[in-house]
Amino acid sequence: QVQLVESGGGLVQAGGSLRLSCAASGSISSVILMSWYRQAPGKQREVVALITSGGRTNYADFVEGRFTISSDNAKNTVYLQMNSLKPDDPAVYYCNAQIRSRRTCAEGNYWGQGTQVAVSS
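This one's a predicted model, so the numbers in the text were calculated from it and none came from an experiment.

Scanning all chains against the criterion turns up one disulfide. A sulfur-sulfur separation of 2.1 Å characterises the disulfide bridge that pairs cysteine 22 with cysteine 95. Its S-S torsion of approximately -80° makes the covalent link between cysteine 22 and cysteine 95 left-handed. Taken together, the positions of cysteine 22 in strand 3 (residues 18–26) and cysteine 95 in strand 9 (residues 91–101) put the pair 73 residues apart, joining distant regions of the chain. Exposure class is identical for cysteine 22 and cysteine 95. Each is buried.

Our focus in this paragraph is the sheet that holds strand 3. Within the open sheet, the four strands sit side by side as 1-3-8-7. Their pairing is antiparallel. One side of each edge strand has no neighbouring strand; the edge strands of this open sheet are strand 1 (2–7) and strand 7 (67–72). Between one strand and the next, the sheet's axes are offset by a mean angle of 15°, whatever the strand orientation. Across six bridges, the pairing between strand 7 and strand 8 (residues 77–82) is antiparallel. From the neighbouring strand, threonine 68 faces strand 8, where its bridge partner is glutamine 81.

Let us look at the side chain of glutamate 6. Along the polypeptide, glutamate 6 turns up in strand 1. We note that glutamate 6 is buried and unpaired, the nearest opposite charge coming from arginine 45 at a distance of 8.4 Å. At 3.2 Å, the side chain of glutamate 6 and the backbone nitrogen of glycine 114 are in polar contact. Apart from residues lying up to four places away in sequence, glutamate 6 is in contact with Ser21, Cys22, Trp36, Tyr93, Tyr94, Cys95, Gly112, Gln113, Gly114 and Thr115.

Right, let's talk about the pattern of salt bridges for a bit. By the definition in use, this model includes five salt bridges. The shortest N-O distance in the salt bridge between glutamate 46 and arginine 38 comes to 2.9 Å. Glutamate 46 gets classed as partly exposed once you look at its relative accessible area, which sits at 26%. Judged by its relative accessible area of 6%, arginine 38 falls in the buried class. Between lysine 86 and glutamate 64 there is a salt bridge, with its nearest N and O atoms 2.3 Å apart. Placement of the pair is lysine 86 in the loop between strand 8 and strand 9 and glutamate 64 in the loop between strand 6 (57–59) and strand 7, with a sequence separation of 22 residues. According to the relative accessible area criterion, lysine 86 is partly exposed, its value standing at 29%. A relative accessible area of 53% means that glutamate 64 is categorised as exposed. Taken together, the salt bridges that share partners define one network made up of Arg38, Glu46, Arg66 and Asp89.

Reading guide: rules and limits
Residues numbered from 1 in each chain as written. Predicted model: local features only at pLDDT ≥ 70, side-chain atom pairs only at ≥ 80, totals over all residues. Heavy atoms only, no water. Disulfide = S-S within 2.5 Å. Helix = DSSP H or I, 4+ residues; strand = E, 2+ residues; numbered from the N terminus. Buried < 20%, exposed > 50% of the residue type's maximum accessible area, 1.4 Å probe, protein only. Pairing = 2+ DSSP bridges. Axes fitted to C-alpha atoms, helices over the stretch in contact; angles between N-to-C directions. Lys, Arg positive; Asp, Glu negative; His and termini not counted. Salt bridge = Lys/Arg side-chain N within 4 Å of Asp/Glu carboxyl O. Polar contact = N/O pair within 3.5 Å; in protein donor to acceptor, adjacent residues only side chain to side chain. Contact = heavy atoms within 4.5 Å.

Here it is as structure tokens:
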């Protein structure tokens, strides 16, 4: 069984910063990639950023250079450093990972529980 446990999030002033983290645990053989999504009320879930086990990263256009995704492969943990937060950034942010199971050797896609990010202005 694989679980993704998130931490971080909260209320921040516009222009402020937060760092989200997500740790994968369980029967893991390897992590193919980890990513962050977000979903605001009444809107579809959308990709924020992703990082592969090899360190390749991609960002959504709306990030505009403000966010940085990073990972600690030894700990199966991914981070999202969010700076210069804007009023349109508030959402539930979800960790997602594509993971090969140690038990079954099959790849699976997993989601964290989500963490709320709120921006005040």
